[in-house]
Amino acid sequence: PITIEAGSSGISGTGTSSFSASVSSSGNVQLGTATIAESLTASGSITLGGGSVRGAVSSSSGSVQLTSVAVSGSVTANSGAITISGGSVGGNVSSASNPVQLTDVSVTGGVSAGGKITLTGGTVTGLVESGCCDVVTNGTNLEGGARSGSSSLSITGGTVRGDFSAVNNPATFSNVTMISG
């Protein structure tokens, strides 16, 4: 069975749902497994527990939490953290002022954050960049390099290539296969 409720606080649903267009809310969006034919946007936080979004996922003032979701576009949180476990992102992952944590995610674009970036497993084809904080990876394949504007890099395992920079801070590489950089 499926239950979907839409109200002043946002959209919530349980079970498996399918939307033939975009899903947009001036509040929060919390869904179980969902197939969304276009984009998913909210003013508040977004939680999606499986399925796919064929466009972008964007929150203007909340966090984004995705579990085993295939996103064709980018994932953006203007003022909240991003946590993604499993699945894939066909564009960039960007949090303007908070941390990003990805576990076993394939990202076709880059990853940027105004907070700490923590990557475990998966692959990122673009640049991984934090303007302020640590970048920590464990078993992640980095194909576009990594940069921390004012903190350290800690890269453990995985295959890496590209440019790596930690300005005047430590950059540590352990058990990596470096193709270029």
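If you're wondering where the values come from, they're calculated on a predicted model, not measured in any experiment.

Draft legend 1. The arrangement of the overall build of the protein chain in detail. Tallying secondary structure elements over the protein chain gives zero helices and 26 strands in all. Relative to its length of 181 residues, the protein chain is compact, with a C-alpha radius of gyration of 17 Å against a globular reference of 16 Å. With the C-alpha coordinates aligned to their principal axes, the bounding extent of the protein chain is approximately 50 × 25 × 20 Å. When burial is assessed residue by residue, the protein chain has 39% of its 181 residues classed as buried. Total accessible area computed for the protein chain in this model is approximately 7700 Å², and 45% of it derives from carbon and sulfur atoms. Mean positive and mean negative side-chain charge positions of the protein chain (4 and 7 charges, respectively) differ by 5 Å.

Draft legend 2. Focus on the side chain of Ser-52. Among the secondary structure elements, Ser-52 is positioned in strand β7 (residues 46–53). Exposure remark for Ser-52: the relative accessible area of 17% places this residue in the buried category. The contacts of Ser-52, once residues within four sequence positions are left out, are Ala-34, Thr-35, Ile-36, Val-69 and Ala-70.

Draft legend 3. Molecular detail of the sheet that holds strand β8 (residues 57–59). Strand order in the open sheet formed by nine strands is β4-β6-β8-β10-β12-β15-β18-β21-β24, and the pairing between neighbours is parallel. Each having just a single partner strand, β4 (23–25) and β24 (164–165) make up the two edges of the open sheet. Bridge analysis of strand β12 (residues 93–95) against strand β15 (residues 111–113) gives three bridges, and the strand direction is parallel. Residue pairing in the sheet places Ser-95 in a bridge with Ala-113 of β15.

Draft legend 4. Representation of the pattern of salt bridges in the model. Across all of its chains, the model carries one salt bridge by this definition. The residue Arg-147 makes a salt bridge to Glu-129 at a minimum N-O spacing of 3.1 Å. Remark: Glu-129 occurs in strand β18 (residues 128–130) and Arg-147 occurs in strand β21 (residues 146–148); sequence separation between them is 18 residues. What makes Arg-147 partly exposed here is its relative accessible area of 36%.

Draft legend 5. Fine view of unusual backbone geometry. Phi is positive for Val-167, which is not a glycine, with a value near 50°. Inspection of the secondary structure puts Val-167 in the loop between β24 and β25 (171–174). Positive phi, normally seen in glycine, also occurs at Asn-175, with a value near 55°. Of note, Asn-175 is situated in the loop between β25 and β26 (177–178). Here Asn-175 falls in the exposed class, since its relative accessible area comes to 73%.

Draft legend 6. Quick peek at the packing of aromatic side chains. One pass over the full model with this rule turns up one aromatic pair. Plain terms: the ring middles of Phe-164 and Phe-173 are 5.3 Å apart, the flat faces sit at 90° to each other, and that makes the pair edge-to-face.

Draft legend 7. Quick peek at the pairing of β7. When strand β5 (residues 28–36) meets β7, the two strands line up parallel, connected through seven bridges. Opposite Thr-35, over in β7, you have Ser-52 as the bridge partner. Where β7 meets strand β9 (residues 64–71), six bridges bridge the pair, whose relative direction is parallel. Looking at β9, one finds that Ser-52 is bridged to Ala-70.

Draft legend 8. Spatial organisation of the nonpolar core. Within the largest apolar cluster, 39 residues are counted, with the highest numbers of intra-cluster contacts made by Leu-40, Val-75, Ile-84, Val-93, Leu-102, Val-111 and Val-128. Among residues more than four places away in sequence, those in contact with Val-128 are Val-111, Ile-117, Leu-119, Val-135, Leu-142, Gly-145, Ala-146 and Arg-147.

Draft legend 9. Layout of the pairing of strand β19 (residues 135–138). Judged by which residues are buried, β19 turns out to be one-sided: Val-135 and Thr-137 face inward and are buried, whereas Val-136 and Asn-138, on the alternate face, are not. Where β19 lies against strand β22 (residues 153–156), four bridges are found, and the strand directions are parallel. Each residue of the ladder has a partner; that of Val-136, found in β22, is Ser-154.

Conventions and cut-offs
Residues numbered from 1 in each chain as written. Predicted model: local features only at pLDDT ≥ 70, side-chain atom pairs only at ≥ 80, totals over all residues. Heavy atoms only, no water. Helix = DSSP H or I, 4+ residues; strand = E, 2+ residues; numbered from the N terminus. Rg over C-alpha atoms; globule rule 2.2 N^0.38 Å. Buried < 20%, exposed > 50% of the residue type's maximum accessible area, 1.4 Å probe, protein only. Areas by Shrake-Rupley, 256 points an atom, 1.4 Å probe, with all protein chains shown as cover. Lys, Arg positive; Asp, Glu negative; His and termini not counted. Charge placed at Lys NZ, Arg CZ, Asp CG, Glu CD. Contact = heavy atoms within 4.5 Å. Pairing = 2+ DSSP bridges. Salt bridge = Lys/Arg side-chain N within 4 Å of Asp/Glu carboxyl O. Phe/Tyr/Trp six-rings, centres within 6.5 Å; stacked < 30°, edge-to-face > 60°. Core = buried A, V, L, I, M, F, W, Y, C linked by side-chain atoms within 4.5 Å.

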